[in-house]
Amino acid sequence: ANPPYMGNKGINPRLGVFLKDNYEEVKMDLFSAFVVRCSTLGVSNANIGIMSPNVWMYISSYEKLRHYILKQKTLTTLVELPLTGFRGATVQICSYTFINHHYPDLKGGFIRLVDFKGADEEMALYTKEAIKNKDCGYFHKSSSIDFEKIPGMPFAYWISDAFRAIFEKSAVLSEFGDIGKGLDTGNNERFLRQWFEVSNKKNKWFPCQKGGSFRKWYGNNDFLINWENNGKELRTFAGSNLRNAHNYFKSGLSWTRVSSNVTAFRHFPEGHIFESTGPCIFPNKINLFSLSSFLNSIVTLKLLKVLAPTVDFQSGHISALP
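Quick caveat: nothing in here was measured; it's all calculated off a predicted structure.

(A) Main features of the overall build of the protein. Of regular secondary structure, the protein possesses eleven helices and 14 strands. Across its three principal directions, the C-alpha atoms of the protein cover 70 × 50 × 35 Å. When each of the 322 residues of the protein is scored for burial, the buried share is 45%. Sequence-distant contacts in the protein: of pairs separated by 6 or more residues, those separated by 24 or more amount to 68%. Here the protein has roughly 16,300 Å² of accessible surface; of this, 54% comes from carbon and sulfur atoms. Charged side chains of the protein number 38 positive and 28 negative; the gap between the two group centres comes to 3 Å.

Now the structure itself:
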């Protein structure tokens, strides 16, 4: 099956209500509801094949779908394609099969083509080569038990047992600090300015972390937010959400949520507020600058390739770092 791909923004109210009533845990996209529907149509031990976007393999909002397949079904094969891998598609596709029964120790075969170039015909050749030659370097074997060792159960089928053990044996970063995204103004044109746009003589505009371009260690302190009278106007504005306000004006580390294949962490001093596109970490059991060194290291980069293989580095991904 190649079910329709339609996120919440494209779903009309009637369909939205139907998904909520019948597929509550997988309602974030129409294709994820179809995966569950296909499995209910199949008899026990049926083999079910799906082609869909690969986001369900990694993103936190699809964790319940992953849990459903790992705990109730058995993933047997999967081919993960690059962005160019399916001619005419505008999303990164994966194709997979699962048995309509749970065999926790059964190892599935996974073919990782995300770093290859080309489209339909080339992808078919690479796939056939991997099936014939298991030592090609991009064929991998994993069971559902392997995936359960990583927080959020992302389908990191390509990592070694030793790498997987790091997640299994380590404490997570959320135990050593407060991590989360900041406020939504509801109207950036009204409440945000760049530093060169306002007078520094009026105590109205305060520094605000808002992501920005790739930059490690320090910087991107370009934005100010209207916090006059302790944010009175922002607090009473109908569209605002002052998330994690207890951490405003503390010193911490920030990063740009949506980045390229890598992210960068930056220190900011006391006196800053932070916005949803510039989530922050406020460590309380570890030195801030030691943490900055760890987060900007090649080690963290490798760990995030497992936790957040897409370009969206959410606070949940950072919280789960070992």
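(B) Region of the structure containing the sheet that holds strand β5 (residues 139–142). If you trace the five strands from one edge of the open sheet to the other, you get β1-β3-β2-β4-β5, paired in mixed fashion. Of all strands in the sheet, those bounded by a partner on one side alone are β1 (47–53) and β5. Here the average twist between neighbouring strands, direction ignored, is 20°.

(C) Structural detail: helix α3 (residues 63–72). Within α3, burial applies to L65, R66, Y68, I69 and L70. On the buried face of α3, the contacting elements are α2 (30–41), β2 (74–80) and α5 (144–147).

(D) Expanded view of the packing of α2 against α3. Remark: α2 packs on α3, axes separated minimally by 10 Å, with the N-to-C direction vectors making an angle of 20°. Regarding the angle of α2 to α3, the classification is roughly parallel. Handedness of the crossing formed by α2 with α3: left-handed. Where α2 approaches α3, its residues S32, V35, V36 and S39 are matched on the opposing element by L65, Y68 and I69. Split into classes, the residues belonging to the contact of α2 with α3 amount to five nonpolar, two polar and no charged.

(E) Structural context of the pattern of salt bridges. In total, this model carries eight salt bridges according to the counting rule given. A salt bridge links E148 to K71, with the shortest nitrogen-to-oxygen separation between them at 3.4 Å. Remark: K71 occurs in helix α3 and E148 occurs in the loop between α5 and α6 (161–169); sequence separation between them is 77 residues. Given the relative accessible area of 38%, K71 is considered partly exposed.

(F) How the structure looks around the nonpolar core. In this structure, W56, Y96, I281 and I318 are the most contacted members of the largest nonpolar core, which totals 55 residues. Counting only elements with at least two residues in this core, the list comes to α2, β1, α3, β2, β3 (93–99), β11 (252–255), α9 (288–295) and α10 (298–307). Here this core takes six residues from α2, the largest share from any one element. Setting aside residues no more than four positions away along its own chain, I318 makes contact with L173, I179, W255, F265, I281 and L304. Residues C208, I225, I273 and C280 belong to the second largest nonpolar core, which totals 14 residues.

(G) Up close: the side chain of S319. Residue placement: S319 occurs in helix α11 (residues 315–319). Ignoring any residue separated from it by four or fewer positions in sequence, one finds S319 in contact with V172, L173, S174 and I179.

(H) Spotlight on the side chain of S276. Mapping S276 onto the fold places it in the loop between β13 (273–274) and β14 (280–283). Within the local environment of S276, its side chain forms a polar contact with the side chain of D184, the two groups lying 2.6 Å apart.

(I) Representation of unusual backbone geometry within the structure. Positive phi, normally seen in glycine, also occurs at N45, with a value near 70°. With respect to the element layout, N45 can be found in the loop between α2 and β1. Of note, N230 is a non-glycine position whose phi angle comes to about 60°, a positive value.

(J) Representation of helix α4 (residues 120–132). The terminal C-alpha atoms of α4, which comprises 13 residues, lie 19 Å apart, in line with the 18 Å expected from a rise of 1.5 Å per residue. For α4, the full list of buried residues reads M123, T127 and A130. In an axial view of α4, the angular spread of the buried residues amounts to 60°, which keeps them on one side of the axis. Exposed residues pointing more than 90 degrees away from the buried face of α4 are listed as L125, K128 and K132. Check the buried side of α4 and you find it contacts β2, β4 (108–112) and β5.

Thresholds applied
Residues numbered from 1 in each chain as written. Predicted model: local features only at pLDDT ≥ 70, side-chain atom pairs only at ≥ 80, totals over all residues. Heavy atoms only, no water. Helix = DSSP H or I, 4+ residues; strand = E, 2+ residues; numbered from the N terminus. Buried < 20%, exposed > 50% of the residue type's maximum accessible area, 1.4 Å probe, protein only. Contact = heavy atoms within 4.5 Å. Areas by Shrake-Rupley, 256 points an atom, 1.4 Å probe, with all protein chains shown as cover. Lys, Arg positive; Asp, Glu negative; His and termini not counted. Charge placed at Lys NZ, Arg CZ, Asp CG, Glu CD. Pairing = 2+ DSSP bridges. Axes fitted to C-alpha atoms, helices over the stretch in contact; angles between N-to-C directions. Parallel < 35°, antiparallel > 145°, perpendicular 65-115°, else oblique. Left-handed = near helix turned anticlockwise from the far one by under 90°. Nonpolar A, V, L, I, M, F, W, Y, C, P; charged D, E, K, R; others polar. Salt bridge = Lys/Arg side-chain N within 4 Å of Asp/Glu carboxyl O. Core = buried A, V, L, I, M, F, W, Y, C linked by side-chain atoms within 4.5 Å. Polar contact = N/O pair within 3.5 Å; in protein donor to acceptor, adjacent residues only side chain to side chain. Expected span 1.5 Å × (residues − 1). Arc of directions from axis to C-beta.

Function cannot be read off these values alone, since they describe shape.
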